[in-house]
Amino acid sequence: MKERASAARAEGKSVSFVPTMGFLHDGHASLMRAGRRRGDLLVVSIFVNPTQFGAGEDFGAYPRDLARDSAIALDNGVDVLFVPNAREMYPAGFQTWVNVEDISLPLCGASRPGHFRGVTTVVAKLFNIVRPTVAFFGEKDYQQLAVIRRMVADLDMDVEVAGLPTVREADGLAMSSRNAYLSPAERTSALCLSRSLAAATALYRSGEVSVRRLCEEVEGVILREPCAVIDYVEFRHGDTLEETEQADDRTVLALAVRIGKTRLIDNTMIGRDFTWKERC
Ligand code: AMP
């Protein structure tokens, strides 16, 4: 991978990079298509990164299907599918970590201690291996995107970070490899996430800016589903992820909800049109 990337750079080619954990879906494909448009060489990595999973999380169960992923990558014009293994990425003696501080602490950082340290470390390593001109991430993982932007700025990394909108199923469910865990009944219940985002957006657009009131609205919609358990519902500043009591157009609404055993996340900028319905 390093040789391919160096050769491309030596020839003056730009390198687009899409890091993933595989079990690819249309959300990943939208990043690949953007990468195809922007770079001469398009690299996609598939690595289920053990260091971003906590004890008791779903590292072992995480869905994997390299044959299917390869076909999807090929269809989307990927030049290099980079699939390292854990021993190559974390050889014996490994002891260096990248830790982005404050912005990694709330939201998923609070529910999953150590998660973002694993993410930033592996993304920094992947950037050093692939040496991309531009790397593509989904807004679906909003905090991850914010943390990576922070890391790239703080460590003077020579890469452009591009964030792309969340791709949804026709009924509003944000695409996720973890949706494969859902039973048909849970799949229906999981719609409460996008429904709650739509409800909060509508309330904000009608003039409500109190985060307490907006939170109640979101929680009300989610808790109507008997199998839904809220991990967090938070309104934060869209760039810094600092807490806010009054929503404005720069506020992000982020949530994590357990549907049965499956933990799902979703988010929206509260001032943005929540338009998936119009698209289907
Ligand atoms: P993952 O394989 O889940 O680690 O995701 C790899 C990349 O794809 C990350 O940058 C995610 O934010 C992005 N991604 C995952 N799901 C979606 C989606 N539904 N829409 C857009 N991007 C997504």
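Everything below is about the structure printed above this text.
Within any chain, residue numbers begin from 1 and follow the written order of that chain's sequence. The predicted nature of this model means local features are confined to residues of pLDDT at least 70 and side-chain atom pairs, given and counted, to a pLDDT of 80 or more, with totals for whole chains, interfaces and linings taken over all residues. Computation of side-chain values covers all heavy atoms of the structure but excludes hydrogens and water.

Undergrad: Describe unusual backbone geometry, naming the residues involved and giving the relevant values.
TA: For Phe-23, which is not glycine, the phi dihedral falls at a positive 55°. Here Phe-23 is to be found in the loop between strand E1 (15–20) and helix H2 (26–38). The way it works is that DSSP assigns letters per residue, a run of H or I at least four long becomes a helix, a run of E at least two long becomes a strand, and they are numbered from the N terminus.

Undergrad: Which residues make up the sheet that holds strand E8 (residues 262–269), and what values go with them?
TA: Strand pairs in the sheet, formed through backbone hydrogen bonds, run parallel or antiparallel to each other. Any two strands with at least two DSSP bridges between them are considered paired. Strand order in this open sheet of three strands is E6-E7-E8, and the pairing throughout is antiparallel. Looking along the sheet, the strands with just one partner apiece sit at the ends: strand E6 (228–237) and E8. Between one strand axis and the next, the sheet turns through 15° on average, direction left out of account. Alignment of strand E7 (residues 251–259) against E8, held across eight bridges, turns out to be antiparallel. Residue pairing in the sheet places Val-257 in a bridge with Leu-264 of E8. Angular values range over 0 to 180 degrees, each being the angle between N-to-C directions of two axes fitted as lines to C-alpha atoms, with helices fitted over their stretch in contact.

Undergrad: An account of the site of the ligand is requested, with residue identities and associated values reported.
TA: Around the ligand, the surrounding shell holds 17 residues, and the nearest of these are Met-21, His-28, Asp-141, Val-167 and Met-175. Contact between the ligand and His-28: an oxygen atom at 2.9 Å from a side-chain N or O atom of the residue. The contact in question runs from an oxygen atom of the ligand to an N or O atom on the backbone of Gly-138, over 2.9 Å. If the ligand stood free it would expose 480 Å²; the protein chains cover 93% of that surface. Counting residues per element, the shell around the ligand draws most heavily on H2, at three residues. Split into classes, the residues belonging to the shell around the ligand amount to eight nonpolar, seven polar and two charged. We call a residue near a molecule or strand as soon as one heavy atom of that residue lies within 4 Å of the molecule or strand. Think of a polar contact as two N or O atoms within 3.5 Å of one another; within protein, one of them needs to be a possible hydrogen donor and the other a possible acceptor, and neighboring residues in sequence only count if both atoms come from side chains. Only the protein chains shown count as covering a residue, and every accessible area follows the Shrake-Rupley method with a 1.4 Å probe. As a working rule, the residues Ala, Val, Leu, Ile, Met, Phe, Trp, Tyr, Cys and Pro are called nonpolar, Asp, Glu, Lys and Arg charged, and the rest polar, with Gly in that last group.

Undergrad: Please set out the nonpolar core residue by residue, giving values where relevant.
TA: Inside soluble globular proteins, nonpolar side chains tend to come together where they are buried. Put simply, buried Ala, Val, Leu, Ile, Met, Phe, Trp, Tyr and Cys residues joined by side-chain atoms within 4.5 Å make one nonpolar core. Throughout this description, buried means an accessible area under 20% of the type-specific maximum (1.4 Å probe, protein chains only), exposed means over 50%, and partly exposed covers the range between. By size, the foremost hydrophobic cluster in this structure holds 42 residues, and its most contacted members are Val-43, Val-123, Phe-127, Phe-137 and Met-151. Elements with a minimum of two residues in this core: E1, strand E2 (41–46), strand E3 (80–82), helix H6 (115–130), strand E4 (134–138), helix H7 (142–154), E7 and E8. Contact partners of Phe-137, with chain neighbours within four places excluded, come to Pro-19, Leu-31, Val-123, Phe-127, Gln-144, Leu-145, Ile-148, Val-161, Ala-162, Gly-163 and Leu-164. Core analysis: the next-biggest nonpolar cluster, separate from the first, contains 26 residues, Ala-200, Cys-215, Phe-235 and Leu-255 among them. Pairs of residues are marked as contacts when any of their non-hydrogen atoms sit within 4.5 Å.

Undergrad: Residues and numbers for the side chain of Arg-112, please.
TA: As for its position among the elements, Arg-112 is in the loop between helix H5 (108–111) and H6. Arg-112 sits in the buried class, given a relative accessible area of 10%. Within the structure, the side chain of Arg-112 is placed 2.6 Å from the side chain of Glu-57, a separation counted as a polar contact. With residues up to four places along the chain from it excluded, the contact list for Arg-112 reads Gln-52, Phe-53, Glu-57, Arg-178 and Arg-263.

Undergrad: Could you give an account of helix H10 (residues 211–223), naming the residues involved and the relevant values?
TA: Take the residue count of a helix, subtract one, and multiply by 1.5 Å to get its expected span. Its 13 residues place the ends of H10 18 Å apart at the C-alpha level, agreeing with the 18 Å of an ideal helix rising 1.5 Å per residue. Taken residue by residue, H10 has Val-211, Leu-214, Cys-215, Val-218, Val-221 and Ile-222 as its buried positions. All buried residues of H10 project into a common sector of 130° when viewed along the axis, lining one side. Set apart from the buried face of H10 by more than 90 degrees, the exposed residues are Arg-212 and Leu-223. On the buried face of H10, the contacting elements are helix H9 (191–205), E6 and E7. Comment: arc refers to directions from the helix axis out to C-beta atoms.

Undergrad: Which residues make up the packing of H9 against H10, and what values go with them?
TA: Two numbers describe how H9 lies on H10: the axes approach to 8 Å, and their chain directions differ by 150°. Judged on the interaxial angle alone, H10 and H9 are roughly antiparallel. By crossing handedness, the relation of H9 to H10 is classed as right-handed. In contact with Cys-192, Arg-195, Ser-196, Ala-199, Ala-200, Leu-203 and Tyr-204 of H9, H10 contributes Arg-213, Leu-214, Glu-217, Val-218, Val-221 and Ile-222. Of the residues in the contact of H9 with H10, the class split is nine nonpolar, one polar and three charged. Here the angle decides the label: under 35 degrees means roughly parallel, over 145 means roughly antiparallel, 65 to 115 means roughly perpendicular, and every other value means oblique. Should the near helix be turned anticlockwise from the far one by less than a right angle, the crossing is termed left-handed; should it be turned clockwise, right-handed.

Undergrad: Can you break down the environment of Ala-110 residue by residue, with the values?
TA: Position of Ala-110 relative to the elements: it lies in helix H5. Overall, Ala-110 belongs to the exposed group, its relative accessible area being 53%.

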